[in-house]
Amino acid sequence: MSWLTNTVLPKIGFGRKKDSPDNLWEKCRSCGQMVFHRDLEQSHRVCPHCDHHMRLTAKARLQHLFDGGKYSRINTPQPPLDPLKFRDQKRYTDQLKEAKQKSGSEYAVEVGYGEIGGQKAVVASQNFFFMGGSVSAGEGEAIIAAADKAVEKDAALVLCAASGGMRMQEGILSLMQMPRTTVALQRLKDRKLPYICILTDPTTGGTTASFAMIGDVTIAEPGALIGFAGPRVIEQTIREQLPDGFQRAEYLLDHGMVDMVVHRHELPETVARIISLFRVKVVEPPKPLPKPESIPPMPEPEAAPEAEAPAEEPAAEEKEAAAAAEGGDQKK
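Residues numbered from 1 in each chain as written. Predicted model: local features only at pLDDT ≥ 70, side-chain atom pairs only at ≥ 80, totals over all residues. Heavy atoms only, no water.

### Let's talk about empty space enclosed by the protein
Consideration 1: All chains considered together, the criterion is met by two cavities of 30 Å³ or more.
Consideration 2: The calculated volume of the largest cavity comes to roughly 70 Å³.
Consideration 3: Taken together, 13 residues line the largest cavity, and the ones lying closest to its centre are Leu-81, Tyr-92, Tyr-107, Ser-136 and Glu-170.
Consideration 4: Going through the elements one at a time, α4 (92-103) and α5 (137-153) are the ones with two or more residues in the lining of the largest cavity.
Consideration 5: Counting residues per element, the lining of the largest cavity draws most heavily on α4, at three residues.
Consideration 6: Considered class by class, the residues forming the lining of the largest cavity number seven nonpolar, two polar and four charged. (1 Å grid on protein atoms, 1.4 Å probe; cavity = no way out; pocket = protein on both sides within 12 Å on 5 of 7 lines; lining within 4 Å. Points joined across faces, edges and corners; volume = space filled by probe spheres on them. Helix = DSSP H or I, 4+ residues; strand = E, 2+ residues; numbered from the N terminus. Nonpolar A, V, L, I, M, F, W, Y, C, P; charged D, E, K, R; others polar.)

Set out below in structure tokens:
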């Protein structure tokens, strides 16, 4: 038995379990179809069966938008962790450690600088897989750093929103990021730099109430949930049935809350075209020549000298009288 166990079975491989990842297939939340992971990666996590737009990580969204997936990562300031010493079922510091291990990011916002369609751009992307994309002091500093970088590089700023709102573990410090980010984005308008917002699923809470809805152009992905409070909370508050598709991207487009709904595959081209339109330099018409302070009067033309009138010849009667007078004098 020892010969069979030690020699034959290892060579055949019987009884050994092959190491294989557990996430080779993923179920679509919309149609319920199983999709192979490579097909999802090639389609940028868009379901090939029903065209449902699945959620992307911040890193994957940056690679999708920038030309060739190449960009320079921008380091953001690191505020103190757990300033309020918050604790519910777990310590806030333990929650942050778990979120960093699962997402591979330090914060729920990642910032990169590169080119989109040949146009200089800074992209700040929220990561919903990091504590629901909630905004704390760290995420606020990242968005402010992105705005400052856009001003420094004279580039456009693109924000990809995917958030459940402000992070309750930091209390008023997280709520203060709403006015702070709004003031930072005002610098772009002062410099006449474009600010484009891409609203993905979901964009809710304080994110919707601040920096996600003040862009020069607001783009939404198909089917994205966009709003302040969720539909269930609204129904319980007003005790009325909401219309179909309420708070979805298409519904907001029909009611003027977003400018356009763009498929994920067309986002890089659309964003590049919008940036190029904003960056066109308007040729000003030539300015008129300045007028002199005092214009001398035009000189009056000199009067021509009057010509002497010719002497009139004496009439015939006068000639005869004169000739008779001369003949009388000769006779005397």
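### Quick notes on the pattern of salt bridges
Consideration 1: For the structure on display, the rule yields 12 salt bridges.
Consideration 2: As a salt-bridge pair, Arg-187 and Asp-148 come within 2.5 Å of each other at their nearest N and O atoms. Residue Arg-187 is located in helix α7 (residues 177-190), and its partner Asp-148 is located in helix α5; the two are separated by 39 residues in the primary sequence.
Consideration 3: Asp-201 serves as the salt-bridge partner of Arg-248, at 3.6 Å between the closest nitrogen and oxygen. Residue Arg-248 is located in the loop between α8 (231-238) and α9 (249-254), and its partner Asp-201 is located in strand β7 (residues 195-203); the two are separated by 47 residues in the primary sequence.
Consideration 4: Relative accessible area serves as the criterion here: at 16%, Asp-201 is assigned to the buried category. (Salt bridge = Lys/Arg side-chain N within 4 Å of Asp/Glu carboxyl O. Buried < 20%, exposed > 50% of the residue type's maximum accessible area, 1.4 Å probe, protein only.)

### Notes on the nonpolar core
Note on soluble globular proteins: their nonpolar side chains tend to be buried together.
Consideration 1: Counting 34 residues, the largest nonpolar core has Val-111, Val-122, Leu-157, Leu-188, Tyr-195, Leu-199 and Phe-211 as its most contacted members.
Consideration 2: Mapped by element, the contributors of at least two residues to this core are β4 (109-116), β5 (119-126), α5, β6 (156-163), α7, β7 and α9.
Consideration 3: At seven residues, α5 tops the list of elements feeding residues into this core.
Consideration 4: Residues Leu-65, Ile-198, Ile-274 and Ile-275 belong to the second largest nonpolar core, which totals 19 residues. (Core = buried A, V, L, I, M, F, W, Y, C linked by side-chain atoms within 4.5 Å.)

### Points about the pairing of β5
Consideration 1: Summarising burial for β5: six of the eight residues are buried, a large majority.
Consideration 2: As defined by bridge partners, β4 adjoins β5 across eight bridges and the pair is classed as antiparallel. Residue Glu-110 lies in a different strand from β5, and its bridge partner there is Ser-125.
Consideration 3: Examined bridge by bridge, β5 and β6 share five bridges and lie parallel to one another. Within β6, the residue paired with Val-122 across the bridge is Leu-157.
Consideration 4: At this point the chain moves from β5, through α5, to the parallel β6, and the crossover so formed is right-handed. (Pairing = 2+ DSSP bridges. Right-handed = clockwise from strand over helix to strand, strands pointing away.)

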